[in-house]
Amino acid sequence: MQDQQNSTLSAIARPLRLTLLGMWAERLTRAFWPLWSVLLLALSGLAFGVQDHLPLEAAWAALVGAVLATLYTLWRGLRAFRAPTRAEALIRLDSRLPGQPIAALTDTQVIGTDDPASLIVWQAHRARMAARAAQARAVEPDLKLARRDPFALRYVALTAFVMAMIFGSLWRVASVQALAPGAGNELAAGPAWEGWAQPPAYTGKPSLYMNDIAEGRLELPIGTRLQFRLYGEVGELTLSETVSGRTDVPAASETVHDFTLNRPGEVVIGGTGGRTWTLSTTPDLAPTVTPGDSAEREGDGRFTMDFAARDDYGVAAGQVSIALDLPGIERTYGLTMEPEPREAVVLDLPLPITGDRAEFTEQLVDDLSEHPFANLPVAMTFTVTDAAGQQGVAEPVKLILPGRRFFDPLAAALIEMRRDLLWNRENAGRTTQILKAITHRPEELIRNERAYLRLRVLMRDLEVQKASLSPEARDTFAAELWEIALMVEEGDLASAMERLRRAQDRLDEAIRNGAEQGEIDELMQELREALNDYMRELAEEAERNPDSQLSQNMPGMQMSGDQLQEMLDELQRLMEEGRTAEAQELMEMLRQLMENMQVAQGEGQGQGQGGPGQQAMRELQDTLRGQQGLSDDAFRDLQDGQEGNEGQNPGQQGQQGEGQQQGENEGQGEGEGQGQGQSLAQRQQELRDRLGQLQGGQLPGDGSERGEEGRRQLDRAGRAMEEAEDALREGDLSGALDRQAEAMEALRDGMQQFGEALAENQQQQEGNAEQGQEFGQADPNGQRDPLGREPGNSARIGSDRNMLQGEDVYRRAQDLLDEIRRRSGDQARPEGERDYLRRLLDMF
């Protein structure tokens, strides 16, 4: 049994030893925590130098109080401390075990020692207790002092000591000897000095207290500021240095020395207690920047360019200068003359907001589409600067400055004229001539009426100012040309068909000009959206006019929306594979198909029109066309007057133009035909009277909010027409053109309001009349639109018959061409339809 007990004690020797050490730590902490707190507080005060700032009496009192507190806490700790024993550790360890197995192993059997069965039970009990004792683990000491220190004084002392170690110095503890009798005289009699080394802030290096630095070699960043103060009698301490390179060196016995470390050398403090340091410099290298080889163009005209920069302490700022590369420019057309001086474009380089600026890679993103340098050869020079003011300059990168590209031919021409005008103001005359040539016959070229009007006003003003064009006026004309080009390029998004046409034109032009893949993808997405809008418009029109026979005009030419999307997918695939010729052919087929759908839609709408609201809309359209024709004639008179009467004022020119005949404008509109042989003012009066009659009659949406807004716009148009009439009678053609433009804008806004009111009224009537019925059930084949779709409920599109069966899109497109050729030769068809079909064939 004794052997079993010894083996059990040897198994728990390590947990027992750890438990004993924990009890020592527990009792020492409980007994001596006040002593440690007093010592830490005393050291903190000495490290902060409190003794140097207190009066001598107060310093002595604090010192005596600290000594007494130390002695008291030491006596109190020794009195309360009781060293733990091994038996106590064994009892604590045993108390944490179930059944106290260690104490059970020390027990002896009292009864039944002669009974073999009792002995077997006793041995089994001891074996079980030995197994439990072998599982003993060291008991953690209880070091919590919250009950003994309710005010947390120990934490106050510890915090003060940590702050003293950070912001104070243990060297100041030695100054307590100055409190001894006679120490003050000795201190006053001996010299003393202090010094500081402050590296530049951008290095991130800490300041050094030179009194704590032993003499010898010391490496500091270049640009470090060194300050020394010499105390005592003047001349007892001197300072000499060879690190600043100063020419106006002060006397060595000066009490204050302040200089900068610019080169390696020595700093020597001569005299009692002096020191000598050999300083070496850590160089601050200039930053470097490496730009990318090219700039990428985004679809919206922005450009992106990568660059990498580095510096030993971090880049503080960066810029890129963009200057015109004259040797790389092809000097043709408007660029033949010398350009006007223009400062280089300076852009700030983006820097990391967080993180390390010692080495990084960033991307410059900006939009210079409207700058005169856009799409011209330039030289881009990247420069970075560090905190010390050192600059790093990269080699200039020569490239074409990316800018927005215009795919509409007219918009591209306007942008080119804008470029020439910004290149040199002497191009104003040439720009005016080209713009006159562009607008001579605008019917097939300029589809945006607002852009046309604004362009004519710009031409008029530029013609007047071209001889003495100021830089401010040039910039104004350039901004206006940019806005007009955007109108032409982006078009009027209110018309789904117009948007579809424009998307097709822009994509076709991009394919021909070899645009980048990013621009192609953006234009393809625009075409898909425009096609979806147009298909939705056809479906809504079919629901509004179920008897319009929209799909009966061209039987057999039906196509589903899914098949149109397949054509677009095929078009995109061809462009991605670089098969531009086939892509252009497919694009042309898609264009012809859309034109055919527009003809069918126009005929179907013409058959379905009726009622006073639609009649009023047609009369408003005639009035708008008449106003457009009158504005065209007024502008031509203004141009003829300026060319034929160079020295006449605008009033005389207008009087001459007012009497001219308008026979050259036959067929341009109802308003224009009625105006032949009449003065411009009389024609304007007739248009105003016609508008007044329309206002007195019934208009779509009367009584509704949209109808009232439309009438307000017609009132505004009438006032503008009246002002235009007065201006024409006074010979002020330029003022009349401005008022006519305002009248046309008001007419368009009013027609838009009336059209929306008319559409809402029709939808409401159809909903009441056809609730619960399926559209087109009586004749499912006769109610299909040109795309072969059956209009469903709530503008849903469905179809069970397709024009393109299978995947052979090109074969079916050829069949479509054959059908067009057959119909163009059918003499029984109307002449207008055959003329249109012949024009389609001419385009292939």
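Novice: For a nonpolar patch on the surface, give the residues involved together with the corresponding values.
Specialist: Nonpolar side chains collect at one region of the surface, where Phe48, Val50, Leu54, Tyr155, Leu158, Val162, Met163, Met165, Ile166 and Phe167 lie side by side and expose about 910 Å² of accessible area between them. For the nonpolar patch, the element with the highest residue contribution is helix 8 (residues 153-167), accounting for 7 residues. Turning to its location among the elements, Ile166 is positioned in helix 8.

Novice: I'd like a rundown of the environment of Gly718, residues and numbers included.
Specialist: One can find Gly718 in helix 22 (residues 705-729). A C-alpha to C-alpha distance of 8.9 Å links Gly718 and Ala746, two positions 28 residues apart in sequence. Setting aside residues up to four positions removed in sequence, Gly718 forms contacts with Arg688 and Leu691.

Novice: I'd like a rundown of the sheet that holds strand 7 (residues 265-270), residues and numbers included.
Specialist: On the basis of which strands lie adjacent, the open sheet formed by 4 strands has the order 3-8-7-5 and mixed pairing. In this open sheet, the two edge strands, each paired with only one partner strand, are strand 3 (216-221) and strand 5 (238-241). In this sheet, neighbouring strand axes are inclined to one another by 20° on average, regardless of whether the strands run parallel or antiparallel. Direction of pairing for strand 3 relative to strand 8 (residues 276-282): parallel, over a ladder of 6 bridges. Paired with Gly216 across the two strands is Trp277, which belongs to strand 8.

Novice: Just give me the short version of the packing of aromatic side chains, but keep the residues and values in it.
Specialist: Applying the stated criterion to the full structure yields 11 aromatic pairs. Plain terms: the ring middles of Trp24 and Phe81 are 5.6 Å apart, the flat faces sit at 45° to each other, and that makes the pair tilted. Of this pair, Trp24 sits in helix 2 (residues 13-47) while Phe81 sits in the loop between helix 4 (56-80) and helix 5 (86-95), placing them 57 residues apart in sequence. On the accessibility criterion, Trp24 (32% relative accessible area) is partly exposed. Taking the relative accessible area as the measure of exposure, Phe81 reaches 22% and is therefore partly exposed. Residues Phe307 and Phe360 carry aromatic rings whose centres are separated by 6.5 Å and whose planes lie at 85° to one another, so their mutual orientation is edge-to-face. With Phe307 in strand 11 (residues 303-310) and Phe360 in strand 14 (residues 359-366), this residue pair connects regions lying 53 residues apart in the sequence. Phe360 carries the same exposure label as Phe307, and that label is buried. Here a set of aromatic residues connected by ring pairs shows up, and it is made of Trp193, Phe228, Phe259 and Trp277. For Arg404, the ring lying beneath its charged end belongs to Phe406, and the centroid distance is 5.3 Å. Residue placement shows Arg456 over the ring face of Tyr452; its charged tip is 4.9 Å from the ring centre.

Novice: Break down the pattern of salt bridges for me, with residues and values.
Specialist: Per the counting criterion, the structure on display carries 29 salt bridges. One salt bridge connects Arg82 with Glu88, and the closest N-O pair in it is separated by 2.8 Å. Using a relative accessible area of 23% as the deciding quantity, one classes Glu88 as partly exposed. Of the charged contacts, one joins Arg712 and Glu709 as a salt bridge, the two residues approaching to 2.7 Å between their closest N and O atoms. Pair noted here: Arg712 and Glu709 are both in helix 22, with a separation of 3 residues, about one helical turn. The partly exposed category is assigned to Glu709, whose relative accessible area is 24%. Linked by salt bridges that have partners in common, Glu26, Arg30, Arg92 and Asp142 make up one network.

Novice: Before we move on, can you summarise the packing of helix 10 (residues 409-423) against helix 11 (residues 428-438) with the specific residues and values?
Specialist: At a closest axis distance of 9 Å, the pairing of helix 10 and helix 11 adopts a crossing angle of 165°. In terms of orientation, helix 10 and helix 11 fall into the roughly antiparallel class. The way helix 10 lies across helix 11 gives a crossing that is left-handed. Residue-level contacts link Leu410, Ala413, Leu414, Met417, Asp420 and Leu421 of helix 10 to Ala428, Arg430, Thr431, Ile434, Leu435 and Ile438 of helix 11.

Novice: Go over the nonpolar core with me, naming the residues and quoting the values.
Specialist: Core analysis: the largest hydrophobic core is formed by 39 residues, its most contacted members being Leu414, Leu435 and Leu455. Elements with a minimum of two residues in this core: helix 10, helix 11, helix 12 (449-465), helix 13 (471-490), helix 18 (611-644), helix 21 (680-696), helix 22 and helix 23 (733-769). Looking at this core element by element, the count peaks at 9 residues for helix 13. Leu455 has contacts with Leu414, Leu435, Thr439, Ile446, Leu481 and Ile484, leaving out every residue within four places of it along the chain.

Novice: Residues and numbers for helix 12, please.
Specialist: Residues lying three or four places apart along an α-helix face the same way, a consequence of the helix completing one turn every 3.6 residues. Between its first and last C-alpha atoms helix 12 spans 25 Å; for 17 residues at 1.5 Å apiece the expected length is 24 Å, and the two agree. Of the residues making up helix 12, those classed as buried are Ala451, Tyr452, Leu453, Leu455, Arg456, Leu458, Met459, Arg460, Leu462 and Glu463.

Novice: Can you lay out a negative patch on the surface for me, pointing to particular residues and giving the numbers?
Specialist: A contiguous patch of negative charge on the surface is contributed by Glu722, Asp726, Glu730 and Asp732. Tracing the backbone shows Asp732 in the loop between helix 22 and helix 23. For Asp732, a relative accessible area of 32% translates into the label partly exposed.

Novice: I'd love a proper account of the environment of Gly429, names of residues and values included.
Specialist: Tracing the backbone through its elements, the reader meets Gly429 in helix 11. For Gly429, a relative accessible area of 22% translates into the label partly exposed. On a C-alpha basis, the gap between Gly429 and Gln465 in space is 9.7 Å, while along the polypeptide they are 36 residues apart.

Novice: Any details on the pairing of strand 5? Residues and values, ideally.
Specialist: It is a general feature of regular strands that their side chains alternate between the two faces of the sheet. Where burial is concerned, the two faces of strand 5 differ: the one with Leu239 and Glu241 is buried and the one with Thr238 and Ser240 is not. Bridging between strand 5 and strand 7 involves 4 bridges; their strand directions are antiparallel. The residue bridging Ser240 from the neighbouring strand is Val268, located in strand 7.

Novice: Outline the sheet that holds strand 1 (residues 193-198), listing residues and values.
Specialist: The 4 strands are arranged 2-1-4-6 in an open sheet whose pairing can be described as antiparallel. Each end of this open sheet is capped by a strand with a single partner; those strands are strand 2 (208-209) and strand 6 (256-260).

Rules of the game
- Residues numbered from 1 in each chain as written.
- Predicted model: local features only at pLDDT ≥ 70, side-chain atom pairs only at ≥ 80, totals over all residues.
- Heavy atoms only, no water.
- Patch = residues over 30% accessible without salt bridge, like charges linked within 9 Å, V, L, I, M, F, W, Y side chains within 5 Å.
- Areas by Shrake-Rupley, 256 points an atom, 1.4 Å probe, with all protein chains shown as cover.
- Salt bridge = Lys/Arg side-chain N within 4 Å of Asp/Glu carboxyl O.
- Helix = DSSP H or I, 4+ residues; strand = E, 2+ residues; numbered from the N terminus.
- Contact = heavy atoms within 4.5 Å.
- Pairing = 2+ DSSP bridges.
- Axes fitted to C-alpha atoms, helices over the stretch in contact; angles between N-to-C directions.
- Phe/Tyr/Trp six-rings, centres within 6.5 Å; stacked < 30°, edge-to-face > 60°.
- Buried < 20%, exposed > 50% of the residue type's maximum accessible area, 1.4 Å probe, protein only.
- Lys NZ or Arg CZ within 6 Å of the ring centre and 35° of its normal.
- Parallel < 35°, antiparallel > 145°, perpendicular 65-115°, else oblique.
- Left-handed = near helix turned anticlockwise from the far one by under 90°.
- Core = buried A, V, L, I, M, F, W, Y, C linked by side-chain atoms within 4.5 Å.
- Expected span 1.5 Å × (residues − 1).
- Lys, Arg positive; Asp, Glu negative; His and termini not counted.
- Charge placed at Lys NZ, Arg CZ, Asp CG, Glu CD.

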